[in-house]
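Observations on the three-dimensional arrangement
In case you want the letters, here they are:
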Amino acid sequence: MLFDTHVHLNARQFLEDREETIQRAFDAGVTYMTVVGFDHETIPLAIEIAEAYETIYAAVGRHPVDAIDMTDKELDWIEELAKHPKVVAIGEMGLDYHWDKSPKDVQKDVFRKQIRLAKKLKMPIIIHNREATEDIIQILKEENAKEIGGIMHCYSDSVKYVDDCLDMNFYISLGGPVTFKNAPLPKEVAQYVPLDRLLIETDAPYLAPHPNRGKRNEPAYVKLVAEKIAELRNMSYEDISEITTKNAFRFFGIE
Ligand SMILES: [Zn+2]
């Protein structure tokens, strides 16, 4: 039994075959999933999908790439939707310095607002980080995100920052890149993170694991991530599956 903690079944790439994709995940033993909303269209759709399946949950937030499109009205709207019983986290949120659609100061402002909202609602957060690790850690510390904890989604930096994340009650989630042949960093992280803070994800439709790299990713492939981590930690696939699923239940507050 596996838990894909970060999947975008609400993305347009799954418009044609969402139900079949979910069935393939179930057939592969991926019983649980959290569908992550990232903008005005995908947030309500994440909840709609979660309503349709007992073991699928939703997260609601504004992605940093589009931070510039976030209004105060939308923040209030996210607050209302976050009260839905299947919504288990606020996000994804964070900083993305790879794309320049939203200026850094706007991204930081929208990031802080969403952390404050999550603290108000007493809900954990899901962090998107691209080329912005130090600023993210600084903001999380300044905003005392430790109170609510969170996930560093698709963690891609070196082990150097892992302790900072652990100190703030964060979990480290690994995805497809841990299986890539030319990617030493996530493999080191997979071996370093304490077992009780480790999560797995696909980030589908993006970042498909080897040998599907470059193709559309889907939640069934989270199995490849679990297999790779088991190999790297010299553990059984069954143990990694059980531990990461239990961690996800604890993190999202699922009974
Ligand atoms: Zn994502």
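Notes on the structure follow. (Residues numbered from 1 in each chain as written. Predicted model: local features only at pLDDT ≥ 70, side-chain atom pairs only at ≥ 80, totals over all residues. Heavy atoms only, no water.)

**As for the environment of leucine 198**
Tracing the sequence through the fold places leucine 198 in strand β8 (residues 198-200). For leucine 198, a relative accessible area of 0% gives the class buried. If near-sequence neighbours (up to four positions away) are discounted, leucine 198 is found in contact with Ile172, Leu174, Val193, Ile229, Arg233, Thr244 and Asn247. (Helix = DSSP H or I, 4+ residues; strand = E, 2+ residues; numbered from the N terminus. Buried < 20%, exposed > 50% of the residue type's maximum accessible area, 1.4 Å probe, protein only. Contact = heavy atoms within 4.5 Å.)

**Quick notes on the packing of aromatic side chains**
Scanning the entire structure with this criterion turns up 7 aromatic pairs. Seen in terms of ring centroids, phenylalanine 3 and phenylalanine 252 are 5.5 Å apart; in terms of plane orientation they differ by 25°. Their pairing is stacked. In this pair, phenylalanine 3 sits in strand β1 (residues 2-7) while phenylalanine 252 sits in helix α9 (residues 237-252), placing the two residues 249 residues apart along the sequence. Here phenylalanine 3 and phenylalanine 252 have matching classes, each one buried. Ring geometry for tyrosine 32 versus phenylalanine 249: centroids 4.8 Å apart, planes at 85°, classification edge-to-face. One end of the pair, tyrosine 32, is in strand β2 (residues 30-36); the other, phenylalanine 249, is in helix α9, with 217 residues separating them in the sequence. Phenylalanine 249 sits in the buried class, given a relative accessible area of 18%. Through a chain of ring-to-ring contacts, three or more aromatic side chains come together here, namely Phe3, Tyr32, Tyr171, Phe249, Phe251 and Phe252. When the ring centre of tyrosine 57 is taken as reference, the NZ or CZ atom of lysine 86 above it lies at 5.0 Å. (Phe/Tyr/Trp six-rings, centres within 6.5 Å; stacked < 30°, edge-to-face > 60°. Lys NZ or Arg CZ within 6 Å of the ring centre and 35° of its normal.)

**Quick notes on the coordination of the zinc ion**
At this site the zinc ion is bound by His6 (NE2), His8 (NE2), Glu92 (OE) and Asp203 (OD), with donor distances of 2.1 to 2.7 Å. One can describe the donor arrangement at the zinc ion as irregular, given that its 4 donor atoms subtend angles of 83 to 172° at the metal. Going along the chain, you hit the donors of the zinc ion in the pattern H-x1-H-x83-E-x110-D. A residue pair is termed long-range when its members are at least 10 positions apart, and histidine 8 in the loop between β1 and α1 (18-27) and aspartate 203 in the loop between β8 and α8 (222-233) qualify at 195 residues. Look at aspartate 203 and you get buried, because its relative accessible area is 9%. (Donors = N, O, S within 2.8 Å, 3.2 Å for Na, K, Ca; no water. Tetrahedral: all angles 85-135°; square planar, octahedral: opposite > 155°, others 65-115°.)

**What to know about the pattern of salt bridges**
Enumeration over the complete set of coordinates arrives at 17 salt bridges. Of the charged contacts in the structure, one is a salt bridge between lysine 228 and glutamate 231, with a shortest N-O distance of 3.3 Å. Taken together, the positions of lysine 228 and glutamate 231, both in helix α8 and 3 residues apart, correspond to about one turn of that helix. When its relative accessible area of 55% is taken as the criterion, glutamate 231 is described as exposed. It is possible to trace a salt-bridge network through shared partners that takes in Asp17, Arg24, Arg216 and Glu218. (Salt bridge = Lys/Arg side-chain N within 4 Å of Asp/Glu carboxyl O.)

**Comments concerning the environment of phenylalanine 38**
Looking at the secondary structure, you find phenylalanine 38 in the loop between β2 and α2 (42-52). In this structure, the C-alpha to C-alpha distance between phenylalanine 38 and leucine 199, residues 161 residues apart in sequence, is 20 Å. Setting aside anything within four residues of it in sequence, one finds phenylalanine 38 in contact with His8, Asn10, Ile43, Gly61, Arg62, His63 and Glu92.

**Considerations on the state of the cysteines**
Under the criterion given, the structure shown has 0 disulfides. The thiol of cysteine 154 is unpaired, and the distance to the nearest cysteine sulfur, on cysteine 165, comes to 13 Å. (Disulfide = S-S within 2.5 Å.)

**Some thoughts on the side chain of threonine 202**
You can see threonine 202 is positioned in the loop between β8 and α8. You can call threonine 202 buried: its relative accessible area is 1%. From its side chain, threonine 202 meets the backbone nitrogen of alanine 204 in a polar contact 3.1 Å long. Among residues more than four places away in sequence, those in contact with threonine 202 are Asp4, His6, Val7, Leu207, Asn217, Glu218, Pro219, Tyr221 and Val222. (Polar contact = N/O pair within 3.5 Å; in protein donor to acceptor, adjacent residues only side chain to side chain.)

**Quick look at the sheet that holds strand β5 (residues 125-130)**
Strands in a sheet are paired, the pairing made by backbone hydrogen bonds, and the direction either parallel or antiparallel. Read across the open sheet, the 8 strands follow the order β1-β2-β3-β4-β5-β6-β7-β8; overall the sheet is parallel. Each end of this open sheet is capped by a strand with a single partner; those strands are β1 and β8. The mean angle between the axes of side-by-side strands here comes to 30°, regardless of whether they run parallel or antiparallel. Along the sheet, helix α5 (residues 133-142) makes contact with β4 (87-96), β5, β6 (150-152) and β7 (170-174), crossing β5 at roughly 150°. (Pairing = 2+ DSSP bridges. Axes fitted to C-alpha atoms, helices over the stretch in contact; angles between N-to-C directions.)

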